[in-house]
Structures are given as C-alpha cells and as structure tokens.
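One letter stands for each residue in the lines below.
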Amino acid sequence: MGLARFPFKLYENGNIVRRSNHHMATPGDLIALLSMELGISAPTIFQHDRNLVDGGWRPVKGRGRSAVSVTPEYAANLLTSLLGSERVKGSQDVVRHYRNTGIFKVSPREGMASDWAGCGIEELENLPNDHCFVDALAAFIDAGMSGSLLGFLGAEAKDDSTEWTRVLFPFENQVEITAVAPFMVGTFNIRSSRSIFVRYVRPIFDDEPRPWPNVDLVQRKTISAKTTLTIGGLLSQ
C-alpha cells in the first residue's frame, strides 16, 4: 500500500481533485490538518504526538525536510489517541489498549454485516483476521489515499484544479467512526449501498486489568469519512 498510487488532494463538491505538486507529509502537516478538521488546538494535538513519540508509537528522524514522513499507520495512532483519550496524558495507554482490540461479531440488526468480508473496500477486505481498531482506521486512511473509499461512496475524480482547498464532503453521514471512553470500544458504522457495523472490543479473557472503574459516565467521540479522506489526501501528495 504505497503513498503515491492516487495523487489527489482534497475535494470540491464531492469530487476528488488530483494534486500537481508532491511532497511527503510531515507530522507537522498532519497536526495542522487535524486541528482544522477536528477543531482541536494544534498545541493539544502536538502534545498527543509527543506522547506517542515517547511511547514508541511514532518514529523520529530529524526536522524540516529530514523529518519523518507520515504513514497511514501513524496517522491512525494519532487519530485514535484524539478520539479515545479523556486526557492528553492518556495518549499512550489509549493507543495500546485500542491496539489490543478485536472484532466483536454481533450485528445490531438483521441484514447488517458485522465484519469487512466482501465490503467492497479492498484495503479493509485485506485486513488479517487478528487486526485491531487502529489497523482498520489505518486501512480507512489508506483507502482514502487510493480512491477506493470515495469509489465505494460514489464520488468521481476530476483533474481540473491544482489549488489546496478544504473538504466539503457530501457523503459524510454515510460513515461514522466512534471511540467510546473509558471502555476502549471502537465502532465503524457505514450506511451506504451495503450496511456495515463493525465493533472492536478488548478480549474478555486477557491478562491486563481493565483501565476503568464501574462508572456511569460514557464519552463518545465520532468522526465521519471526511477526516479519513482529508488525511488520505494529505498523505498522497
């Protein structure tokens, strides 16, 4: 899964806009984009990024032009920390716990798929059986890079723009990606030509104690396909 298979930028009126200039995205680029898309301050996202560096979840290789390039896997780590953390200092634990999740195959209603088999998005169909929530999020980002996610959602590509513009994405309500705190549950809910609801949970019988007490306060953070597509556009420069 390469970085330059489908060199589009962001989207105008629901269409892919191909890029004319290519450079590898840096962590600073990703932080700026996520700040714009999620409405979270750049210093807050920067601190999450530093926490992941300290925890070994993001490689380090200099600054400026020599800075490490962003991969879908790292982008998924950072996005997971933003979705799943109740506090900034919890970034490392959140990513570690979500990387220990697996699919819980229970369909919320008849006729709705509970895994990625035959979903129509190649990057998700190719995930191994033992993949986790973060792996699925990385596959969504990679599908945003290749164009297969937009193809699944029905968008068409065009070549008549070279400007960087913010996404105005009409399909966003078709996809909901949610992290539930403090229970470390992640879900993907797709309402398109085929309804899919995939839930990721921690194994019931693992050796690590649960990171939450018996609490009655639940926090859900949800993003749409727009965020994964904008990240995919950034990484495909």
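What you see is a predicted model, and the numbers here were worked out from it, not measured in a lab.

With that settled, consider the nonpolar core. Across soluble globular proteins, nonpolar side chains show a tendency to be buried alongside one another. Leu30, Trp116, Leu124, Phe140, Phe188 and Ile231 are the most contacted members of the largest nonpolar core, which totals 54 residues. Looking at this core, the element that brings in the most residues is helix H6 (residues 133–146), giving 10 residues.

What follows covers the confidence of the model for the protein chain. Overall, the predicted model of the protein chain reaches an average pLDDT of 78, with 72% of residues at or above 70. Here strand S4 (residues 157–158) is the element of the protein chain with the lowest mean pLDDT, 42, and helix H3 (residues 72–84) is the one with the highest, 95. Low pLDDT, under 50, characterises residues 1–21; the stretch is placed with 90 contacts to residues that sit more than four places away or in other chains. In the model, residues 156–169 has pLDDT below 50 throughout and makes 44 contacts with residues more than four positions away in sequence or in other chains.

Further remarks concern the packing of aromatic side chains. Throughout the structure, instances matching the rule amount to seven aromatic pairs. Plain terms: the ring middles of Phe140 and Phe188 are 5.2 Å apart, the flat faces sit at 20 degrees to each other, and that makes the pair stacked. One end of the pair, Phe140, is in helix H6; the other, Phe188, is in strand S6 (residues 185–191), with 48 residues separating them in the sequence. A network of ring pairs unites the aromatic residues Tyr98, Trp116, Phe133, Phe140, Phe188 and Tyr200 as a single cluster. Residue placement shows Arg58 over the ring face of Tyr74; its charged tip is 5.7 Å from the ring centre.

Calculation criteria
- Residues numbered from 1 in each chain as written.
- Predicted model: local features only at pLDDT ≥ 70, side-chain atom pairs only at ≥ 80, totals over all residues.
- Heavy atoms only, no water.
- Core = buried A, V, L, I, M, F, W, Y, C linked by side-chain atoms within 4.5 Å.
- Buried < 20%, exposed > 50% of the residue type's maximum accessible area, 1.4 Å probe, protein only.
- Helix = DSSP H or I, 4+ residues; strand = E, 2+ residues; numbered from the N terminus.
- pLDDT = per-residue confidence, 0-100.
- Contact = heavy atoms within 4.5 Å.
- Phe/Tyr/Trp six-rings, centres within 6.5 Å; stacked < 30°, edge-to-face > 60°.
- Lys NZ or Arg CZ within 6 Å of the ring centre and 35° of its normal.

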